[in-house]
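# Chain and residue survey
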Amino acid sequence: MPVWKGFTAISFPLVYVLYILFGTHYTALCYALVVLVVNLLHRRPLRIILFNPAQLALSIILSTAMLSLFKPMAEASLQSTVKTGIAEFSILLFFFFLFNNLIVDLVLIIRPQPYSLKMWKQKTITELNNTLISLAYGILLYILGSQNRGEIDVFSYFFFFSPLVGLSLLSSTIARLKLEKKKLKALFSITTELNQIVPKSKWNSTLKESFFQFMNVEASILWIKENGIWRHRYQEGRTSLSHSLSAVVYDQFESMKHPIIYNDRKTNVGIAEDCFDRDLKSFVYSPLVVDHETVGMFIVARSRTKSFTNEDVQSLATLSNQLAAVIKTQMLLSEKEKRLILEERNRIAREIHDGIAQTLAGAVMKLETAGKIYMKKPDETLKLVNESVFRLRESLKDVRESIYALRPYPTEKAGLVAAIFRKIEDLKKEYKQDIQFEKRGTDFVLSPMAEKVLYDSFQESIQNAIKHAEASRIEVLLSNQADHILLKVKDNGKGFSLFQAMIKAQKQPHFGIMQMNDAAEKLNASLQIDSKEGEGTKVLIMVPKMGFEGEEIHDQAHASG
């Protein structure tokens, strides 16, 4: 039955009726046999099967012996039959509670496992609840029994105890359902947390925090196969893992495809026996299998023999399958990361070969030519040197831009506004340019994609104004409005023909205007370029506060900004 801070078995009122009807020895024998059958049906370890009936029978015998000492005093002091009966019931209940808990406490103290004060307090509170409920039922038994309700027979006792039995059966079912619900909730929590994180180092701590809520075990160890090498990744509880296992053990791990249960250490404990404390008796080996490949091994242990049920093994197998998927994802991400790094290296190598390397080679050849004709053609030599210096300066800028591109993106480090402000300050120092920056409206959080597109558009526009438009004044406006964010870059440069620029963009795919337009389309943004030759250029990009990256749900939470 559920009681405050736990569950308990309310059996004493039934035991007391047996004691009234048949005496001490019959009651002790009957109680012991019932508990023995229950333990056998639950397939509990032999030591529990033998200990529990003996403990309860001994508690009954000792408590009835104490009752025989106090019973004469109760009968002498209390004239009422009902009061005497309640007093006898209370005395027997008190000593049964006392002896039963003393025996259990003694055994828990001398066993190898720790028995903390918190555990003792929890057990004592639960048993006190049991005692109070039993006391209430005993008082009710004597009060109803004192009334003239006819002959009291077996059927009378049956109907009297039927609510207690029915409530016990119902509460037992509810307790099992709550336990299963708790396990399912813990499994859901584990799988949700694992699915929401990139499976790097974090998922180890996630497993450690949630696993013991999912399955009550006393020790667990996890091995993972990474890049063909088995590594120990996680351990908790009473383990003694201090070194790597042998290659033979790892080979046997790889051969396992289904969970294996070992119920008794004396019979068989599996291949990882040395990794656990000697007093652990039951083990479950649960391999982590993906596409018929074993990528890990999860082993759990308990101190009682035959303590793992089929449901426990199935639950552990479910968790192992989830972990296997996480590990496989980690492997795929690692392979993708390596591939991306290799592709990036190849791209950088091509850019250096086709760009900077060619420029440097041309500059070297001109300088070599200048050295040869220095005495004969000094004017032509000076021209070659100047051309080489110009090319080297351009190459130096390309190198700086390449280095800058390899750094973390500016908006990722400081945010959009700070990145724009910093870029403007750098351009002022480098080109001595008159650049004005104005920000309007209240800041709100943008998606990284939106910040990147806005920053790229700003950078492309301002670079065009400096390098190509020969502008003497540039105005930059960033405005957070009710339903969109506006970026405007305006210059007083020489302008250009938009028609000619679009023709040029068709022939040169990397032309900046086309890149800006494609990026704006990804955000459902609108890009406007207003320019005429001799009248300057104005570039506007308006990004709606919802619909980033082409979806209406992105950044919806910030639409009110």
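One structure accompanies this document, and this report is about it.

So, how was this worked out
- Residues numbered from 1 in each chain as written.
- Predicted model: local features only at pLDDT ≥ 70, side-chain atom pairs only at ≥ 80, totals over all residues.
- Heavy atoms only, no water.
- Helix = DSSP H or I, 4+ residues; strand = E, 2+ residues; numbered from the N terminus.
- Buried < 20%, exposed > 50% of the residue type's maximum accessible area, 1.4 Å probe, protein only.
- Core = buried A, V, L, I, M, F, W, Y, C linked by side-chain atoms within 4.5 Å.
- Contact = heavy atoms within 4.5 Å.
- Pairing = 2+ DSSP bridges.
- Salt bridge = Lys/Arg side-chain N within 4 Å of Asp/Glu carboxyl O.
- Axes fitted to C-alpha atoms, helices over the stretch in contact; angles between N-to-C directions.
- Parallel < 35°, antiparallel > 145°, perpendicular 65-115°, else oblique.
- Nonpolar A, V, L, I, M, F, W, Y, C, P; charged D, E, K, R; others polar.
- Patch = residues over 30% accessible without salt bridge, like charges linked within 9 Å, V, L, I, M, F, W, Y side chains within 5 Å.
- Areas by Shrake-Rupley, 256 points an atom, 1.4 Å probe, with all protein chains shown as cover.
- Phe/Tyr/Trp six-rings, centres within 6.5 Å; stacked < 30°, edge-to-face > 60°.
- Expected span 1.5 Å × (residues − 1).
- Arc of directions from axis to C-beta.

### A short note on unusual backbone geometry
For Asp291, which is not glycine, the phi dihedral falls at a positive 50°. With respect to the helices and strands, Asp291 occurs in the loop between strand E6 (282-290) and strand E7 (293-302). Phi at Glu470 takes a positive value of approximately 55°, unusual for a residue other than glycine. One can find Glu470 in the loop between helix H13 (448-467) and strand E9 (473-480). Since its relative accessible area comes to 58%, Glu470 is described here as exposed.

### Focus on the nonpolar core
Here is a general trend for soluble globular proteins: nonpolar side chains tend to be buried in one another's company. In terms of nonpolar packing, the biggest core is built from 28 residues, with Ile435, Leu454, Phe458, Ile462, Ile474, Val476 and Ile541 touching the most fellow members. Elements with a minimum of two residues in this core: helix H12 (416-431), H13, E9, strand E10 (484-491), helix H15 (512-522) and strand E12 (537-544). Among the elements that take part in this core, H13 stands out by supplying 8 residues, more than any other. Look past the residues within four positions of Phe458 in its chain and what remains in contact with it is Ile420, Lys423, Ile424, Val476, Leu487 and Val489. Counting residues in hydrophobic clusters, the runner-up holds 26 residues, among them Tyr16, Ala32, Leu67 and Tyr137.

### Considering the pairing of E7
Of all 10 residues in E7, 9 are buried; the element is thus mostly enclosed. In this sheet, E7 lies alongside strand E3 (residues 219-226) in antiparallel orientation, the contact comprising 6 bridges. Each residue of the ladder has a partner; that of Leu222, found in E7, is Phe298. In this structure, E6 lies alongside E7, joined through 9 bridges in antiparallel fashion. Across the sheet, Ser286 pairs through a bridge with Phe298, a residue of E7.

### Some details on the pattern of salt bridges
Throughout the structure, instances matching the rule amount to 12 salt bridges. For Lys225, the salt bridge is made with Glu254, and the minimal N-O distance between the two is 3.3 Å. In this pair, Lys225 sits in strand E3 while Glu254 sits in helix H8 (residues 247-255), placing the two residues 29 residues apart along the sequence. A salt bridge links Glu273 to Arg265; its shortest N-O distance comes to 3.7 Å. Overall, the relative accessible area of 9% leaves Arg265 in the buried class.

### Focus on the packing of helix H1 (residues 12-22) against helix H5 (residues 117-145)
Between H1 and H5, whose axes approach to 9 Å, the crossing angle comes to 45°. Classified by the angle between their axes, H1 and H5 sit oblique to one another. For the pair H1 and H5, contact is made by Phe12, Pro13, Tyr16, Val17 and Ile20 and by Ser134, Tyr137, Leu141 and Tyr142, respectively. Of the residues belonging to the contact of H1 with H5, the class tally is 8 nonpolar, 1 polar and no charged.

### Brief notes about the sheet that holds E12
Spatially, 5 strands are ordered E8-E9-E10-E12-E11 in an open sheet, and the strand pairing comes out mixed. Each having just a single partner strand, strand E8 (434-440) and strand E11 (526-531) make up the two edges of the open sheet. Strand-to-strand twist in this sheet, taken as the mean axis angle between neighbours without regard to direction, amounts to 10°. The pairing of E10 with E12 spans 8 bridges and is antiparallel. Its bridge partner lying in E12, Leu486 is registered against Met542. Against the sheet, H12 engages E8 and E9, with an angle of about 170° to E8. Sheet strands touched by H13: E8, E9, E10 and E12. Its angle to E10, the strand with the most contacts, is close to 10°.

### Considering the environment of Ala65
The residue Ala65 is located in helix H3 (residues 46-77) in this model. A relative accessible area of 37% places Ala65 in the partly exposed class. Separated by 41 residues in the primary sequence, Ala65 and Thr24 place their C-alpha atoms 9.0 Å from one another.

### Some details on a nonpolar patch on the surface
A cluster of nonpolar side chains, namely Ile20, Leu21, Phe22 and Tyr26, defines an oily patch on the protein surface of about 410 Å² accessible area. The element contributing the most residues to the nonpolar patch is H1, with 3 residues. Along the polypeptide, Tyr26 turns up in helix H2 (residues 24-41). Judged by its relative accessible area of 44%, Tyr26 falls in the partly exposed class.

### A few points about the sheet that holds E3
Read across the sheet, 5 strands follow the order E4-E3-E7-E6-E5 without closing on themselves; strand pairing throughout is antiparallel. Of all the strands in the sheet, just strand E4 (229-237) and strand E5 (260-262) have a single pairing partner and so form its edges. Between one strand axis and the next, the sheet turns by 15° as a mean value, whatever way the strands run. Strand contacts of H8: E3, E4, E6 and E7, with the helix running at about 105° to E7, the strand carrying the most contacts.

### Topic: the packing of aromatic side chains
Within the structure shown, the criterion is met by 17 aromatic pairs. Ring geometry for Phe95 against Phe99: centres 6.1 Å apart, planes inclined by 25°, an arrangement best described as stacked. Taken together, the positions of Phe95 and Phe99, both in helix H4 (residues 81-110) and 4 residues apart, correspond to about one turn of that helix. Both residues of the pair, Phe95 and Phe99, count as buried. Taken together, the ring pairs in this structure connect Phe12, Tyr16, Tyr19, Phe89, Phe96 and Tyr142 into an aromatic cluster.

### What to know about H12
With 16 residues, H12 should reach 22 Å at 1.5 Å per residue; the first-to-last C-alpha distance of 22 Å fits that figure. Every buried residue of H12 is listed here: Leu416, Ala419, Ile420, Lys423, Ile424 and Leu427. End-on view of H12: buried residues confined to an arc of 135°, all on one side of the axis. Trailing H12 by a residue or two, Lys432 shows a phi angle of about 55°, which is positive.

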